[in-house]
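Now for the letters of each chain:
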Amino acid sequence: MLAKSLSLGILPDVVIYDLEDSVPPSPQDKINARQRLCHFLENILADKVTSPERIAVRVNDITTPFFESDMSEVLKSPAVGTLVLPKINSTEDLDHVSHAIHQHSTSSCPPRIVASIESARSVWNLREIVQWKSKFGVQKGGQLGALLFASEDYCADTSVVRTTSRQELLFVRSQIVIAAKASGLEAIDMVCIDYKDLEYLRDECEDARRLGFTGKQVIHPAQVETVNATFLPTEKGSNPPMTVIHAS
């Protein structure tokens, strides 16, 4: 999957390489996945296959024993332009991330931070999260660039029952967009789980675009073309599209 991720017929704007949910939770599996990914990142940098703006890594969350090692190894690679941080519930969580960037990054321009919104607590704290600034400054501690909605985790946390109408998620999706736009951040919409139903995907994309999202996550290459087409900039000069594919 790593090798195929950058040779798709239609490329997404960003590829997220996942060290979290896509990897079994055993310590050895986490170590092996991290090593494979870092080796891959070294190769694509040497071969100049793509630019850091297109490469993101989702690390394990800050409460796990894998977070520090993920950050230490991933931040060694100049191929990574974005860090996706799962389970960001508060500004204290972002402070923790920023401290790790300050400690491990050797670049004067560390990867931008994407905060994954996955719980009732994170939605409750959205105003503070989007206004967060690193006490180390942007060059030493990183900068928040986007909010990403992890709908399945959010529903599990809040006992929301998913339906095809998505009505039950209208409020939280709107809150994420409003908070992001108020602070000049991008807002990335949830994954469409049924990757085989492209008509439903198109409807979900159009819904997201109407709500103000600037991009959408995908989990299968077949979804990329539909998302790209839906999020094309309008004549009014809206933001360019952002299609984000998860690669395990």
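Rules behind the numbers
- Residues numbered from 1 in each chain as written.
- Predicted model: local features only at pLDDT ≥ 70, side-chain atom pairs only at ≥ 80, totals over all residues.
- Heavy atoms only, no water.
- Disulfide = S-S within 2.5 Å.
- Phe/Tyr/Trp six-rings, centres within 6.5 Å; stacked < 30°, edge-to-face > 60°.
- Buried < 20%, exposed > 50% of the residue type's maximum accessible area, 1.4 Å probe, protein only.
- Axes fitted to C-alpha atoms, helices over the stretch in contact; angles between N-to-C directions.
- Helix = DSSP H or I, 4+ residues; strand = E, 2+ residues; numbered from the N terminus.
- Parallel < 35°, antiparallel > 145°, perpendicular 65-115°, else oblique.
- Left-handed = near helix turned anticlockwise from the far one by under 90°.
- Contact = heavy atoms within 4.5 Å.
- Nonpolar A, V, L, I, M, F, W, Y, C, P; charged D, E, K, R; others polar.
- Expected span 1.5 Å × (residues − 1).
- Arc of directions from axis to C-beta.

A. The state of the cysteines, seen in detail. Taken as a whole, this structure holds zero disulfides when the rule is applied. There is no disulfide at Cys205, and the cysteine sulfur nearest it, in Cys192, is 7.3 Å away.

B. Geometry of the packing of aromatic side chains. Inspection of every chain in the model, using the stated rule, returns two aromatic pairs. Measuring from ring centre to ring centre gives 5.6 Å for Phe149 and Tyr154, while their planes differ by 65 degrees; the resulting arrangement is edge-to-face. The two residues Phe149 and Tyr154 agree in class, both being buried.

C. Broad picture of the packing of helix H8 (residues 170-182) against helix H9 (residues 198-211). Running from N to C, H8 and H9 point in directions that differ by 50 degrees, and their axes come no closer than 10 Å. Relative to H9, H8 is oriented oblique. The interaxial crossing formed by H8 with H9 has right-handed handedness. Of the residues in H9, those touching H8 at Leu170, Arg173, Ser174 and Val177 are Glu204, Asp207, Ala208 and Leu211. Grouping the amino acids of the contact of H8 with H9 by side-chain chemistry returns four nonpolar, one polar and three charged.

D. Seen up close, helix H3 (residues 91-104). The first and last C-alpha atoms of H3 sit 20 Å apart over 14 residues, in line with the 20 Å expected at 1.5 Å per residue. For H3, the set of buried residues is Asp93, Leu94, Val97, Ser98, Ala100, Ile101 and His104. The buried side chains of H3 occupy one side of the element, clustering within an arc of 155 degrees when seen end-on. Of the exposed residues in H3, those oriented more than 90 degrees away from the buried face are Glu92 and Gln103. Check the buried side of H3 and you find it contacts helix H2 (67-74), strand S3 (82-85), strand S4 (112-117), helix H5 (126-130) and helix H6 (138-141).

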